[in-house]
Amino acid sequence: MARYTRLTEPIALITLNNPPVNALSSAVRSGIVDSVSQALKDDQVKAVVFCGENRMFSGGADIKEFSGSMSGPPLVRMIHSIEASEKLMVAAIEGVALGGGLELALGCHYRVANTKARLGLPEVTLGFLPGAGGTQRLPRLTGITAALELITTGRQISAQEALQLGIVDQVTEGNAVQAAMELALSVIGQPLNPRRLSLRPPVWSADVDSVCEVALARVKQHSRGAMAPVACVQAVRAAAMLPYSKGMEKERQLMDTLFRSSQARALQYAFFAQRNAGKWSLPNGARWNNTKARDVQRVGVIGLGTMGRGIAVSLVKAGLSVVALESDAKQLESGKKAVTAMLQRDAQRRGVGSPLHLLTFALSFHQLKDVDLVIEAVFEDMNLKKRVFSDLCKVLRAGTLICTNTSGLNVDELAKVTDRQHLVVGMHFFAPAHVMKLLEVVYGSRSSPEAVAVAMALGKRIQKVCVAVGNCPGFVGNRMLKLYMDQSLYLLEEGATPEQVDQALEEFGFAMGIFKVADLSGLDVGWRVRKASGLIGPDIDPVNPSRWRLGQRYCPLPDMLCQQGRFGQKTGRGWYLYNSPGSKEAKPDPEILNFLEDYRLKYGITPQRISSQEVIERCAFSLANEGFRILEDGIAAGPEDIDVIYLFGYGWPRHRGGPMFYASQVGLSVVLEKMEHYHRIHPDVPSLEPSRLLRRLVAEGSPPIQQWRNHIKNLHSQL
Ligand SMILES: CC(C)(COP(=O)(O)OP(=O)(O)OC[C@H]1O[C@@H](n2cnc3c(N)ncnc32)[C@H](O)[C@@H]1OP(=O)(O)O)[C@@H](O)C(=O)NCCC(=O)NCCSC(=O)/C=C/CCCCCCCCCCCCC(=O)O
């Protein structure tokens, strides 16, 4: 777990050895403590170099240990004794030095990093702070402003930036261990006290208070309701005001509060859920580790509307060769301009060469004949997509995959018009596609495991967080979203205002309330979908539209807004009022309040006082309830996948883990009770009826979320 090597020079090498990321588990810490004591006992050893196996310094403390009882040598004490040692300690950083890994390096007297190394203190993303002295040592090296930024965001930096900030003493193109040894030999015998960061005075300056206030305002705005970033500011402020030992007391106090908090548990769950999503499995037993993905080099993108442009940009940025196709010359020209500009801007920002040579624009399907995979991103219209699919089959090679970028259309129905149903999968990108991290990879009933593997691998290559999901209307994300939207509309009918609902959701942690999101996306989008699905037709009275459609309660409010030309931000009016079309600042609109009052009067609805608690319960629990149905139906492999979709595609606050995790934290019996209560009051909303799986999990004693997969398996085997 930590290997001790006595080198011929007066140097000992301690190699952290805990693949894949050399996390500082209890065994690694024990190994380090033993190795350091061995070095200290050896009179010939004048210096110790720390490094990591496989050119990976350390990914930090072992996150898995946080959910159990912590044992082994405490990290804080271990690092302190390394720093206090009378022998020279040097960190040789390759790969990453993150969290406790960087804190260990900060305890060393010198730090050398390879140019490709990345350094950071990402603890805030796990719900706590760099609690092994990081909040006190880093500001003493970089000053308070840089330390605040790094610790409150968890941003990883390059070795070069670390050098500029004074975090490392030397950067080398070559082997960091070799460079660290050379540095050690050149400084052996020099006094160590100036190198011990804990001996440095507080980093006070006259503007500390204002700097911290600005940082506090920033973190409160960026991560609404998250405790850890606020605690990080408080801890760093202590480094500016207090001697090291007092600052460490403050760090410890704050850590004690955060460490077992529900937010920390949620964020650590999210960390593993995200990694777990890549380990996909299909109901037929095919899995990520028993299916090979063949290589994709050349991709066709059909349609250069908003989605197609974003997809093409993502592919090219990842080094793939792209043929982008449009149906008419004018659209092709405007798509070409937009994609080119996006790629050029990005290359400029990142200081890299333009990748435009990877991109070809085309008007004829024949130019797609050599591609390995096609992503169709035309308008969301089944007939149009079917036409494209059958035209494609005339020109593509036999083994070429056809993927459809759809937000909810039936992938099986599309596959049927092709000569290769096994090579058809859905790829549901989120807008803007070059920015949003989520990709739902949708397997149809005939999709081959290999096709899924290829789509998942391609998604990963373009740096998406990919989740494999089954085929049903809306897949996972939009199927759940519909119920969330329905509930928020019913709340308006019953007495709430858009700003009241949004405020409750934003206080819960969403970056934006659902009505603001709807205004941003455009209310006309859903209107078109409802028209296409037969919910709105010529038989509906536009003045007194029915609140009952296809056998259930229906809220016509959004349709009525669209009839007034209120499409959201783009028209300057939607659920909110905007200064001008396209402007982003949403203001409450008195017209909407009157409109809602008239509506309630017209339909004889007595407005109720709706509390924030009811908003959250009806929206969040409805999401989770549908999530349970999705699990029952086998559309998602586990609750973690659903949560990852909500975290990366729908703005669910990360410190609440995801809708399924939130339900598990609130308590499944509470969720069940609430759903029963709301269903009793609203029997005309069938989706409020508690799902079978929720009932079953409660009957089985509400097992922890990590065990739900087993219960689902049992449920399926009994069906
Ligand atoms: C950049 C990475 C390191 C690598 O990325 P990549 O190459 O893409 O690989 P991944 O797929 O992400 O990861 C590969 C596998 O490794 C697992 N992994 C990664 N990092 C860790 C880790 N740190 N611990 C455990 N496991 C890890 C990952 O899950 C993958 O596993 P698998 O293959 O899927 O099975 C990237 O992984 C990355 O960014 N990692 C996380 C980096 C990070 O966040 N580090 C910070 C960790 S936290 C930390 O270091 C904290 C330090 C201070 C702690 C002080 C403790 C004091 C305790 C005091 C307690 C006081 C309160 C007590 C009160 C009470 O008792 O009640």
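Residues numbered from 1 in each chain as written. Predicted model: local features only at pLDDT ≥ 70, side-chain atom pairs only at ≥ 80, totals over all residues. Heavy atoms only, no water.

### Observations concerning the overall build of the protein
The following threshold applies: Here a strand is any run of E in DSSP of at least two residues, a helix any run of H or I of at least four, and the numbering for each starts at the N terminus. The globule rule used for comparison is 2.2 Å times the number of residues to the exponent 0.38, while the radius of gyration itself is calculated over C-alpha atoms. To sort residues, take the accessible area from a 1.4 Å probe on protein chains only and compare it with the maximum for the residue type: under 20% means buried, over 50% means exposed, and anything in between is partly exposed. Per-residue and other accessible areas follow the Shrake-Rupley method at a 1.4 Å probe size, with only the shown protein chains counted as cover for residues. Charged-residue counts in this description rest on Lys and Arg as positive and Asp and Glu as negative, His and the chain ends being excluded. Lys charges are placed at NZ, Arg charges at CZ, Asp charges at CG and Glu charges at CD.
The helix and strand inventory of the protein stands at 28 helices and 19 strands. Relative to the 2.2 N^0.38 estimate, which gives 27 Å for 719 residues, the radius of gyration of the protein is 28 Å and therefore close to what a compact globule would have. Counting only C-alpha atoms, the protein reaches 95 × 60 × 55 Å along its principal axes. For the protein, with 719 residues in total, the buried portion stands at 56%. Entry remark: accessible area of the protein is about 30300 Å², with carbon and sulfur atoms responsible for 54%. Between the centroid of the 82 positive side chains of the protein and the centroid of its 69 negative side chains there is a distance of 3 Å.

### Digging into the UniProt feature "domain: 3-hydroxyacyl-CoA dehydrogenase NAD binding" (unreviewed entry) in the protein
Defined as follows: UniProt positions are given in the numbering used here, feature names are shortened, and annotations may be inferred rather than shown by experiment.
Feature annotation in UniProt assigns "domain: 3-hydroxyacyl-CoA dehydrogenase NAD binding" (unreviewed entry) to the following positions: residues 299-471. The span residues 299-471 is 38% helical and 23% strand by assignment, and the distance between its end C-alpha atoms comes to 23 Å.

### Some thoughts on the pattern of salt bridges
Pairing is possible between side chains of opposite charge, provided their charged atoms come close. Where we set the bar: By convention in these notes, a salt bridge is any Lys or Arg side-chain nitrogen within 4 Å of a carboxyl oxygen on Asp or Glu.
Enumeration according to the criterion identifies 41 salt bridges in this entry. A salt bridge links Asp42 to Arg6, with the shortest nitrogen-to-oxygen separation between them at 2.9 Å. Of this pair, Asp42 sits in the loop between α1 (26-41) and β3 (47-52) while Arg6 is found in strand β1 (residues 2-6), placing the two residues 36 residues apart along the sequence. In this structure Asp42 comes out as partly exposed when scored by relative accessible area, which is 23%. Residue Glu591 pairs with Arg566 through a salt bridge whose shortest N-O separation is 3.3 Å. Placement of Glu591 in helix α22 (residues 590-602) and of Arg566 in the loop between α21 (557-563) and α22 is noted, with a sequence separation of 25 residues between them. Residue Arg566 is classed as buried on the basis of its relative accessible area, which comes to 1%. Salt bridges here are not isolated pairs; linked through shared partners, they connect Glu493, Glu494, Arg547, Arg553, Glu614 and Arg618.

### A short note on the UniProt feature "domain: 3-hydroxyacyl-CoA dehydrogenase C-terminal" (unreviewed entry) in the protein
Mapped onto this numbering, the UniProt entry annotates "domain: 3-hydroxyacyl-CoA dehydrogenase C-terminal" (unreviewed entry) at residues 474-578 and 615-702. Along residues 474-578 the backbone is 51% helical and 4% strand, and the end-to-end C-alpha distance reaches 30 Å.

### Re the packing of aromatic side chains
For any pair of aromatic rings, the description rests on two quantities: the centre-to-centre distance and the angle between the ring planes. Applied cut-off: Two aromatic rings, drawn from Phe, Tyr or Trp (for Trp, its six-membered ring), form a pair once their centres lie within 6.5 Å of each other, and the interplanar angle then sorts them: stacked below 30 degrees, edge-to-face above 60, tilted otherwise. Whether a charge sits over a ring depends on NZ of Lys or CZ of Arg being within 6 Å of the ring centre and within 35 degrees of the ring normal.
The tally for this structure, following the rule as stated, stands at 18 aromatic pairs. The interplanar angle of 45° and the centroid separation of 5.2 Å between the aromatic rings of Phe628 and Trp708 together place this pair among those described as tilted. Of this pair, Phe628 sits in helix α23 (residues 612-632) while Trp708 sits in helix α28 (residues 708-718), placing them 80 residues apart in sequence. Like Trp708, Phe628 is buried. The rings of Tyr484, Phe508, Phe510, Phe621, Trp652 and Tyr662 are connected pair by pair, giving a single aromatic cluster. Over the face of the ring belonging to Tyr110 we find Arg195, whose NZ or CZ atom lies 3.9 Å from the ring centre. The residue whose ring lies beneath Arg547 is Tyr603, and the NZ or CZ to ring-centre distance is 5.8 Å.

### Quick look at the domain arrangement of the protein
Test applied: Note: domain ranges come from an automatic or database domain assignment.
The domains assigned to the protein are domain 1 (2-260), domain 2 (291-475), domain 3 (496-602) and domain 4 (612-718). Just the C-alpha atoms count here: the centres of domain 1 and domain 3 sit 51 Å apart.

### Remarks on helix α11 (residues 262-277)
As a reminder, the rule being used: In this analysis, the expected span of each helix is defined as 1.5 Å times one less than the number of residues it contains. Should any heavy atoms of two residues lie within 4.5 Å, those residues are counted as being in contact.
The end-to-end C-alpha separation of α11 is 22 Å, in line with the 22 Å expected for 16 residues at 1.5 Å each. Buried within α11 we find Gln263, Ala264, Ala266, Leu267, Gln268, Tyr269, Ala270, Ala273 and Ala277. The inward-facing, buried residues of α11 contact α9 (227-241), α10 (244-259), α16 (449-461), β17 (465-470), α24 (639-649) and α25 (659-666).

### Concerning the site of the ligand
Rules: Throughout, the term near means that a residue has one or more heavy atoms lying within 4 Å of the molecule or strand in question. Under the rule applied, a polar contact is a pair of N or O atoms within 3.5 Å (in protein, one hydrogen donor and one hydrogen acceptor; residues adjacent in sequence only if both atoms are side-chain atoms). Following the grouping adopted for this structure description, the nonpolar residues are Ala, Val, Leu, Ile, Met, Phe, Trp, Tyr, Cys and Pro, the charged ones are Asp, Glu, Lys and Arg, and the polar ones are all others, Gly among them.
Taken together, 28 residues lie around the ligand, and Gly59, Ala61, Gly100, Arg275 and Lys279 are the ones closest in. Contact between the ligand and Ile63: a nitrogen atom at 2.9 Å from a main-chain N or O atom of the residue. Note that an oxygen atom of the ligand is positioned 2.7 Å from one of the side-chain N or O atoms of Arg275. Of all the secondary structure elements, the ones that give two or more residues to the shell around the ligand are α3 (100-107), α10 and α11. Looking at the shell around the ligand, its residues break down into 15 nonpolar, 5 polar and 8 charged.

### Some remarks on the sheet that holds strand β5 (residues 96-98)
Heads up, the condition is: Here, a strand pair is defined by DSSP locating no fewer than two bridges between the strands. Every axis in this analysis is a line fitted to C-alpha atoms, fitted for helices over the stretch in contact. Angles between the N-to-C directions lie between 0 and 180 degrees.
Strand order across the open sheet formed by 3 strands is β5-β7-β8, with mixed pairing between neighbours. The outermost strands of the open sheet, each flanked by one partner alone, are β5 and β8 (157-158). Both strand β7 (residues 118-120) and β8 contribute to a ladder of 2 bridges, which runs antiparallel. In the strand pairing of β8, Arg118 is matched with Ser158. α3 rests against β5 and β7 of the sheet, and its axis sits at about 90° to β5.

### Brief notes about helix α18 (residues 498-508)
Regarding α18, the residues found buried are Pro498, Val501, Asp502, Ala504, Leu505, Glu506 and Phe508. Considering only its buried residues, α18 is in contact with α17 (477-494), α19 (514-521), α22, α23 and α25. Within two residues after α18, Gly509 carries a phi angle of roughly 130°, on the positive side.

### Details of the environment of Ala293
Relative to the elements of secondary structure, Ala293 occurs in the loop between α11 and β10 (298-302). Taking C-alpha positions, Ala293 is 8.9 Å from Pro449, a pair spaced 156 residues apart along the chain.

### Quick word on unusual backbone geometry
For the peptide bond that leads from Pro19 to Pro20, omega is 5°, which places it in the cis range. For Pro20, the location among the structural elements is in the loop between β2 (11-16) and α1. The residue after Ala431, namely Pro432, is reached through a cis peptide bond having omega -10°. For Pro432, the position within the fold is in the loop between β15 (424-429) and β16 (438-443). Residue Asn54 is not a glycine yet carries a positive backbone phi of 55°. Position of Asn54 among the secondary structure elements: in the loop between β3 and α2 (75-84). The exposure class of Asn54 is exposed, given its relative accessible area of 62%. The residue Arg55 is not glycine, and still its phi comes out positive at about 50°.

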